[in-house]
Amino acid sequence: MYAEVIFPLKVKSFTYRLQSDMPPDLIGRIVRAPLGNQSLYGIICDVRETLAFEENVPFENINHRISKVKQIISIHEHFGSSTTISLIKWLSEYYISPLGAALSSYPFKEAIKIIEKFRLPNRDAFLANNYYSNNLHNVERDISLLFNAIQDANYKAFLLHSPSSFYQKSFLRNICEKAAANLSGAIFLVPEIMQIDDIANIMKKIFGERVCSIHSKQGNKKRIEVIKGILSGQHDIIVGTRSAILMPLKKISFIAVLNEHSISYKGEEGLRYNGRDVAIMRGFLEGIPVLLSSICPSIESFNNAKNRKYHLLKPSQRLIDMSDIKIKPFSSRRRPDIEIINMYDDENSGLSISKKVLLTAKKCLSANENMLFIVNKKGYSLITCRDCGYIFKCSNCKTPLIFYKKEGFLRCSKCGQEKRAPEGCNICRGMDLMPLGAGTERINEDISKFLNNEAILIEKNTQKLADNDSFIPFIIGRGHHIRRLSESIFKAVAFIDVDLYFLEPNYRANEKLFQEIIHFAELVKPDGCIYLQTRNPKNRILNFIKNYDFSGFYKNELAIRKEIGFPPFSRLILFNIFLKKEIDGDRNEFQRILSQRQEEGIEILGPIELQSLEKSQIHLRFLIKSKDRKRLNQLASSLKEAFNILKGVRVTTDVDPLRF
DNA sequence: AGCACGCCGACT
DNA sequence: GTCGGCGTGCTC
């Protein structure tokens, strides 16, 4: 008998010979096996009667290969549940990465450390003593009871379109209270670290010490401690960010993904999995319900609900009434008004803040109310020459340079190049330079100039408002830095330039704008107002937003996506290619391979050259796009293989990319 | 020529 | 992860 073993290394699996007296259920067990001149822990992913060879292995090599097969040193307990291996295989296939890279995304090495150090009691024994696992069949049935209002306890995905974050939390609390006695193992995902405590506190009231939380900024010691708790069975209710979805629970009955639309669920490095999508796949493989919820669901999830892949839960439905949700119905919380402000009406003022917004700000000031300014640009402004119209650009990458007034510098946001603020124009030698547009710094200046008041500038998303003792009425920040604050504290929000979203070369820009504004609506008092400053006041998207018209927006957006053939009507895989400079041949070779692989039904978009952070390399990027996910993945892995053979070429892929 | 260092690929 | 091979570049 032979076993395929995956190690937590960025490589494929390896074959080992098995001894004759083996414990049952080999698949998923942790093993120790020789590799190179060391021995490593890995995990069995397959068991075979005979050796399998890849095709094209010449005869004379077979004996050599057989002689290389070594024996496993020792065999241990399972890692996670019986479906762990299936999920690892799926991750590896879907995200076009070696099996070992998928295993590396798990807390596997931590688990090994813990097992080695603490000699944990066998968890099977531990669970047998636990009250909630005494009767598996009953558990199974009770979980289906839990969700009887929703459906039977087999795999089933639900999409809750929640009217507010408060509703979302109440819904989750109620479900968990009702199911508490029957829940053995659950994972609750939130997009941001800040939101963990909120959910964890709700869960602690229900589950007490069984609750633990997991996130990437926890520090190794704490992380090991938590994972130890999970492995020993002490913790089985996990609240955390993205990586929590891969925690090795022996048994799991429920997964919930809060704010499922958040792009924070998508990884930026390593195996770039989407925590939400992995949650769905894990739920499917484990045979348990998965709840996705959001105050503004993603287009993909909405589409899945529309196609009956997910069951859509709307708070108004009878379904919800049956689950004892004791909170106000959808309509009873008034949302703030949204007003579109045509900046052409203010053309002559030369200001970036409209008269109406200034007036509102003054009112806030006299009424001791807070107001939030969303400014999606860094620094003070761009610099332009009044004589010839030249806009100062980076000499490296032609990106417009950003002027930082306080520092007296121009800086390139792409490559980081800096220079002193110029005295005159590079092109016409004119001396009449002028700021163009407005970033956070300039809006800050305008506020103190016109409103005679200080503002707080939020520059990190971890920064909290409560740090300040004295009342400061105005807060300025870039959209993605202002994250969930616990209360509706603002009387008004002003989006300085919503048009920036429409200029973004990202097919998801509309969706992003919609989601952000719905987000901010939660921070505004019900009698408050959100102002959208624009030069396209008739824009359809803005009008859907103004009316909180979700179904209109989704219908419109899906029609656009269908028209341009982008997700959810196709799948995308993004390729980053890093070429060592001075190897001209390789760039041609790269192009040759790419054009050679053109096939019917798969589009290749690009490549384009990006500004590389390292000067010694060229960074190219292209997308492949198809309606046929399987064929797209096949092409992607064959491209990856072909590029990897080339010398001085490094490739990374991003399946279902969200940022471009 | 001889050695130090760093990158890359193999490991069953 | 760890090791060894090999190419680069610096020194004696």
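Thresholds, definitions, all that
Residues numbered from 1 in each chain as written. Chains lettered and ligands numbered in written order. Predicted model: local features only at pLDDT ≥ 70, side-chain atom pairs only at ≥ 80, totals over all residues. Heavy atoms only, no water. Buried < 20%, exposed > 50% of the residue type's maximum accessible area, 1.4 Å probe, protein only. Helix = DSSP H or I, 4+ residues; strand = E, 2+ residues; numbered from the N terminus. Salt bridge = Lys/Arg side-chain N within 4 Å of Asp/Glu carboxyl O. Near = heavy atom within 4 Å. Polar contact = N/O pair within 3.5 Å; in protein donor to acceptor, adjacent residues only side chain to side chain. Pairing = 2+ DSSP bridges. Axes fitted to C-alpha atoms, helices over the stretch in contact; angles between N-to-C directions. Contact = heavy atoms within 4.5 Å. pLDDT = per-residue confidence, 0-100. Parallel < 35°, antiparallel > 145°, perpendicular 65-115°, else oblique. Left-handed = near helix turned anticlockwise from the far one by under 90°. Nonpolar A, V, L, I, M, F, W, Y, C, P; charged D, E, K, R; others polar.

Colleague: Looking at this structure, I do not really get helix H2 (residues 84-94). What am I missing?
Modeller: Each full turn of the α-helix corresponds to 3.6 residues, which orients residues three or four apart in the same direction. Among the eleven residues in H2, eight count as buried, and that is most of the element. All of the buried residues in H2 are Thr 84, Ile 85, Leu 87, Ile 88, Trp 90, Leu 91, Ser 92 and Tyr 94. Directly beyond the C-terminal end of H2, a positive phi value near 45 degrees is found at Ile 96.

Colleague: Sorry if this is basic, but what is going on with the pattern of salt bridges here?
Modeller: Close approach of charged atoms lets side chains of opposite charge pair. In the structure shown here, the tally under the stated rule is 30 salt bridges. Between Arg 32 and Glu 116 there is a salt bridge, with the nearest N and O atoms lying 3.8 Å from each other. In this pair, Arg 32 sits in strand E3 (residues 29-35) while Glu 116 sits in helix H4 (residues 108-118), placing the two residues 84 residues apart along the sequence. Measuring nitrogen to oxygen at the nearest pair gives 2.9 Å for the salt bridge that ties Glu 589 to Arg 592. Of this pair, Glu 589 and Arg 592 both sit in helix H19 (residues 584-596), three residues apart, which is roughly one turn of the helix. Accessibility expressed as a relative area gives 26% for Glu 589, which makes it partly exposed. The class of Arg 592 is partly exposed, set by a relative accessible area of 41%. Connected through shared salt-bridge partners, Arg 508, Glu 511, Glu 557 and Arg 561 make up one network.

Colleague: Before we go on, may I ask you to explain the protein's contact with DNA strand C in this structure?
Modeller: Neighbouring residues of DNA strand C: Leu 9, Asn 37 and Gln 38. A share of 44% of the atoms of DNA strand C within 4 Å of the protein falls on sugar and phosphate groups. Note that a base nitrogen of DNA strand C is positioned 2.8 Å from one of the side-chain N or O atoms of Gln 38.

Colleague: For this particular structure, what's the right way to read the environment of Ile 489?
Modeller: Relative to the helices and strands, Ile 489 is located in the loop between strand E22 (474-477) and strand E23 (490-495). Sequence separation between Ile 489 and Thr 440 is 49 residues, and the spatial gap between their C-alpha atoms is 21 Å.

Colleague: Hey, could you run me through the sheet that holds strand E8 (residues 186-189) in this one?
Modeller: Adjacent strands of a sheet form backbone hydrogen bonds with each other and so pair up, either parallel or antiparallel. Judged by pairing direction, the sheet is parallel, and its seven strands sit side by side in the order E9-E10-E8-E11-E12-E7-E13 without closing on themselves. The sheet is open, and its two borders are formed by strand E9 (211-214) and strand E13 (311-313), each paired with just one other strand. Strand-to-strand twist across the sheet, computed as the mean angle between neighbouring axes with direction ignored, equals 20 degrees. Both strand E7 (residues 156-161) and E13 contribute to a ladder of three bridges, which runs parallel. For Leu 159, the partnering residue across the bridge sits in E13 and is Leu 312. In the packing of helix H8 (residues 196-207) onto the sheet, contacts are made with E8, E9 and strand E10 (237-240), and the angle to E10 comes to roughly 165 degrees.

Colleague: Looking at this structure, I do not really get the environment of Ala 256. What am I missing?
Modeller: Among the secondary structure elements, Ala 256 is positioned in strand E11 (residues 254-257). Looking at Ala 256, the relative accessible area reads 0%, which means it is buried. For the pair Ala 256 and Ile 496, spaced 240 residues apart in sequence, the C-alpha to C-alpha distance is 35 Å. Those residues in contact with Ala 256 that lie beyond four places of it in its chain are Leu 172, Ile 187, Phe 188, Leu 189 and Leu 291.

Colleague: It is not clear to me how the confidence of the model for chain A should be interpreted in this structure. Could you clarify?
Modeller: Interpretation of this model should avoid reading the predicted coordinates in detail wherever pLDDT is low. Across chain A, the average pLDDT comes to 83, with 86% of residues at or above 70. Looking over chain A, one finds the lowest element-wise mean pLDDT in helix H5 (residues 123-128), namely 32, and the highest in E10, namely 98. A low-confidence stretch, residues 121-146 stays under pLDDT 50, and its non-local contacts, those more than four residues away or across chains, total 39 contacts. Note on residues 316-333: pLDDT is under 50 here. Beyond four places in sequence and across chains, it has 33 contacts.

Colleague: Would you explain the protein's contact with DNA strand B in this entry?
Modeller: What surrounds DNA strand B is the set Val 11, Lys 12, Phe 14, Thr 15, Tyr 16, Leu 35, Gly 36, Lys 68, Val 69, Lys 70 and Lys 580. Counting only the atoms of DNA strand B within 4 Å of the protein, the fraction contributed by sugar and phosphate is 56%. Between DNA strand B and the protein, one listed contact pairs a base oxygen with a backbone N or O atom of Thr 15 at 2.7 Å. In terms of residue count, strand E2 (residues 14-17) provides more of the surface near DNA strand B than any other element does, three residues in total.

Colleague: So what exactly am I meant to see when it comes to the packing of helix H16 (residues 509-521) against helix H18 (residues 550-564) here?
Modeller: Two numbers describe how H16 lies on H18: the axes approach to 11 Å, and their chain directions differ by 160 degrees. On the basis of their axis angle, the class for H16 and H18 is roughly antiparallel. Where H16 crosses over H18, the two elements pack in a sense that is left-handed. For the pair H16 and H18, the contacting residues are Asn 510, Glu 511, Phe 514 and Ile 518 in the first and Phe 550, Phe 553, Glu 557, Ile 560 and Arg 561 in the second. Classifying every residue of the contact of H16 with H18 by side-chain character gives five nonpolar, one polar and three charged.

Colleague: I tried to follow the side chain of Thr 653 on my own but got confused; where do I start?
Modeller: In this structure, Thr 653 sits in strand E28 (residues 649-655). Of note is the side chain of Thr 653, whose polar atom sits 3.1 Å from the side chain of Lys 640. Discounting residues that sit within four places of it in the chain, Thr 653 has contacts with Tyr 95, Ile 96, Arg 272, Ile 573, Leu 574, Phe 575 and Lys 640.

Colleague: Honestly, the sheet that holds strand E14 (residues 337-342) in this entry has me stumped. Any pointers?
Modeller: Spatially, E14-E24-E23-E15-E22-E21 is the arrangement adopted by the six strands of the open sheet, whose pairing is parallel. Pairing within the sheet leaves two strands with one partner each, and these edge strands are E14 and strand E21 (455-458). Within this sheet the neighbouring strands show an average axis-to-axis angle of 20 degrees, counted without direction. For strand E15 (residues 370-374) and E22, the ladder comprises four bridges, and the chain directions are parallel. For Ile 374, the partnering residue across the bridge sits in E22 and is Gly 477. Against the sheet, helix H13 (residues 355-366) touches E14, E15, E22, E23 and strand E24 (524-534), its axis set at about 150 degrees to E15. Here H16 sits on the sheet in contact with E14, E15, E23 and E24, set at roughly 150 degrees to E24.

Colleague: Would you explain unusual backbone geometry in this entry?
Modeller: Apart from glycine, the bulk of residues carry a negative phi angle, and the bulk of peptide bonds sit in the trans form. With omega at 5 degrees, the peptide bond leading from Pro 567 into Pro 568 counts as cis. Structurally, Pro 568 can be placed in the loop between H18 and strand E25 (571-580). With an omega dihedral of 0 degrees, the bond running from Gly 606 to Pro 607 counts as a cis peptide bond. Among the secondary structure elements, Pro 607 is positioned in strand E26 (residues 602-610). Despite not being glycine, Asp 25 shows a phi value in the positive range, around 50 degrees. Mapped onto the elements of the fold, Asp 25 is located in the loop between E2 and E3. If you check the backbone angles, Asn 368 has positive phi at about 55 degrees while not being a glycine. Following the sequence through the fold, Asn 368 ends up in the loop between H13 and E15. Judged by relative accessible area, which is 56%, Asn 368 ranks as exposed.

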